[in-house]
Amino acid sequence: MSVKNNLLSGWIKPDRMSLAGVPCVNFPWLARARETYDESPLGLWAIAAVAWEEVVHVLDTAYGRVAKTWVATGLSVSLLACGATSKMQMAASAPPPPPGAEQLASAPGAPKQMADPGLRMADASSSGSKPAPPGEAPRVESDKLASDAISVKKVLIYTATLQMAVFDVEKALARVESLAKDLGGFLALRSDKQITIRVPSSRFEDAISGLAVHGDILHRDVKVEDVTEQYLDISLRLRNARQVRERIAQLLSSAKSVEDSLKIERELERLSAEIERLEGRLKYLQDQAKFSTITVVFQPLRESEMKRERVFQLPFPWLSQLGLGRLLNLD
Amino acid sequence: MLPLQNFLRVLAFLLSSGVLVSCSSPFRVTAPQGFVVLKDQALYDYRATSADGVVLAVRSIKHDPKGDIDFWVQAIRNRMRGVSGYALLATKPVSTRGGLKGVSMRFGHDEGRTSYLYDINLFVTEKYLHLIEFGGTKEELVRLDKQVAWVVHTFEGV
């Protein structure tokens with residue numbers, strides 16, 4: 001059997017192209033060797049030397065000096081190209097981002113701000129990697145983390161409960177309602193001693209400042225809840241549920257028996273209910289994040305509340321005797 | 001015998017003087033025109049009322065433990081706002097014609113559906129904390145603002 005026949009019969013198989021466009025000849029034995037010496041240029045040249053000797057030996061006997069020179073030169077160039085592109089190929093073969101990552105921003109119901117690259121949330125636990133020791137750059141781990149990162153802004157829910165002094169309550173209630181409307185919000189609830197308003201989150205601080213002007217704020221309880229993780233989770237589950245429903249709906253048209261159709265319809269019904277539930281939850285979170293909730297209460301703390309809040313009280317009995325109740329009681 | 005009699009007379013005079021001093025009120029206040037002074041007050045040392053329900057009361061509390069006026073003003077504010085739910089509407093310095101310097105605090109509070117005002121004027125002396133309180137409906141107390149100021153200005157305390 002000649003060498004030419006060996007080449008044609010697959011002993012040498014150029015099975016892929018390098019990224020640089022230069023043919024990258026992969027010998028089966030060379031591929032295995034490259035896995036071992038991938039990181040070492042010296043190792044690659046050692047493999048080249050071995051290959052050179054082998055090829056020269058075969059060509060010298062079959063085709064003579066000229067062919068030997070041309071083939072040897074071509075092989076060297078190919079090996080160099082393989083070495084130069086090995087890093088690029090390794091980077092290109094890194095695991096792809098999770099299926100939801102790039103689609104999350106375009107998921108139905110997902111807010112536009114999620115596509116904003118300003119803030120990033122990387123889920124280190126999902127990468128399954130251990131944290132790198134200090135001073136050592138975690139190369140592969142960081143690549144994986146970067147691929148898992150999801151561009152997203154925080155989804156925050158602001159709520160505040162203000163306890164205001166009990167004075168001119170009727171007028172104060174009207175002023176609070178008016179303030180909400182002025183800030184682009186609306187009235188959510190109103191009773192004799194309490195009012196709840198919703199204002200755009202961007203005007204939350206303005207609302208608190210405005211309320212301080214209209215009355216004496218005795219206690220304030222402001223909470224900020226970060227629901228970003230919950231929001232992303234629901235968005236992903238919703239997207240997946242919709243995709244599954246689409247696929248199952250396609251199956252319905254190709255169902256071959258009534259029994260199959262019924263099963264598919266039941267599954268579709270279950271998925272539709274799940275989608276509705278997720279949509280409702282997502283809408284609720286969006287609404288809560290978009291509009292802050294401020295409740296204003298016009299009544300003093302009760303005895304039990306004072307104990308719970310641990311309101312500081314001085315040990316002077318005459319202080320507790322102050323007030324209109326005793327002063328105006330002339331009996 | 002004569003020196004002993006003189007001694008007993010002097011002793012009796014000193015004792016009677018001491019009793020008189022201890023029984024005398026540490027303040028003097030004059031009710032404004034249109035007010036009636038109420039007798040037999042248990043909680044207050046002095047109380048008077050107008051026909052329209054504005055009430056004036058005075059209490060002199062032994063100044064023990066000692067604290068400066070800022071401490072007592074803050075103690076009253078905290079009590080009225082934090083515990084009783086009153087709105088602090090104003091705080092201003094006041095003084096009497098006798099030279100006492102104090103602080104006036106005006107609070108607001110709704111009783112039922114009616115808005116009331118409640119003034120506390122505090123004077124701190126070495127021996128006493130003098131509290132002059134006024135209370136009444138918002139309209140009435142605002143109407144009597146000048147009389148209230150006059151009562152505070154003419155107050156005398158030790």
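Look above for the structure.
This text gives an overview of the structure that appears in the document.

Rules used throughout
Every residue gets a number counted from 1 within its own chain, in the order that chain's sequence is written. The order in which chains are written sets their letters, starting at A; the order in which ligands are written sets their numbers, starting at 1. This being a predicted model, a pLDDT of at least 70 is required before a residue's local features are given, and a value of 80 or more before pairs of side-chain atoms are given or counted; all residues contribute to the totals for chains, interfaces and linings. As a convention, hydrogens and water are excluded, and side-chain values are obtained from all of the structure's heavy atoms. Each Phe, Tyr or Trp ring, with Trp reduced to its six-membered ring, pairs with another whose centre is within 6.5 Å; inter-plane angles below 30 degrees give stacked pairs, above 60 give edge-to-face pairs, and intermediate values give tilted ones. Every residue pair with non-hydrogen atoms within 4.5 Å of one another is taken to be in contact. As used here, buried area is the combined drop in accessible area, with a 1.4 Å probe, of two parts when they are placed together. A side-chain nitrogen of Lys or Arg and a carboxyl oxygen of Asp or Glu constitute a salt bridge if their distance falls within 4 Å. Two N or O atoms count as a polar contact when they lie within 3.5 Å, although within protein this holds only if one can serve as hydrogen donor and the other as acceptor, and sequence-adjacent residues are included solely when both atoms are side-chain atoms. Helix and strand definitions here come from DSSP, where helices need a minimum of 4 consecutive H or I residues and strands a minimum of 2 consecutive E residues; each element is numbered from the N-terminal end. Axes, fitted as lines to C-alpha atoms, cover a helix only where it is in contact. Angles between the N-to-C directions of the axes lie from 0 to 180 degrees. Each angle receives one of four descriptions, namely roughly parallel if under 35 degrees, roughly antiparallel if over 145, roughly perpendicular if within 65 to 115, and oblique otherwise. Here a crossing is called left-handed whenever its near helix is offset anticlockwise from the far helix by less than a right angle, and right-handed whenever the offset is clockwise. Basically, the charged four are Asp, Glu, Lys and Arg, the nonpolar ten are Ala, Val, Leu, Ile, Met, Phe, Trp, Tyr, Cys and Pro, and anything else, Gly included, counts as polar.

With that settled, the discussion passes to the packing of aromatic side chains. As enumerated under the stated definition, the model contains nine aromatic pairs over all chains in all. A connected cluster of aromatic rings, assembled from ring pairs, spans Phe316 and Trp318 of chain A together with Phe71 and Trp72 of chain B.

Turning our eyes to something else, we now look at the interface of chain A and chain B. Counting from both sides, the interface comprises 32 residues of chain A and, opposite them, 43 residues of chain B. Summed over both sides, the interface between chain A and chain B buries roughly 3100 Å², with carbon and sulfur atoms accounting for 65% of that surface. A per-residue breakdown of the area chain A buries against chain B is headed by Phe167, Trp318 and Leu327 of chain A, which together make up 23% of the total. Viewed at the interface, chain B and chain A are joined by four salt bridges. For glutamate 170 of chain A, the salt bridge identified is with arginine 113 of chain B, shortest N-O distance 3.2 Å. Where chain A packs against chain B, one counts 18 residue pairs in polar contact (both at pLDDT 80 or more). The element contributing the most residues to the side of chain A that touches chain B is helix 14 (residues 324-328) of chain A, with five residues.

Turning our attention to the packing of helix 10 (residues 228-253) of chain A against helix 11 (residues 258-290) of chain A. Residue and element names in this part refer to chain A. Relative orientation of the contacting elements helix 10 and helix 11 amounts to 155°, with a least axis distance of 9 Å. Put simply, helix 10 runs roughly antiparallel to helix 11. In this structure, helix 10 meets helix 11 at a crossing whose hand is left-handed. Considering only residue class, the contact of helix 10 with helix 11 consists of 16 nonpolar, five polar and nine charged.

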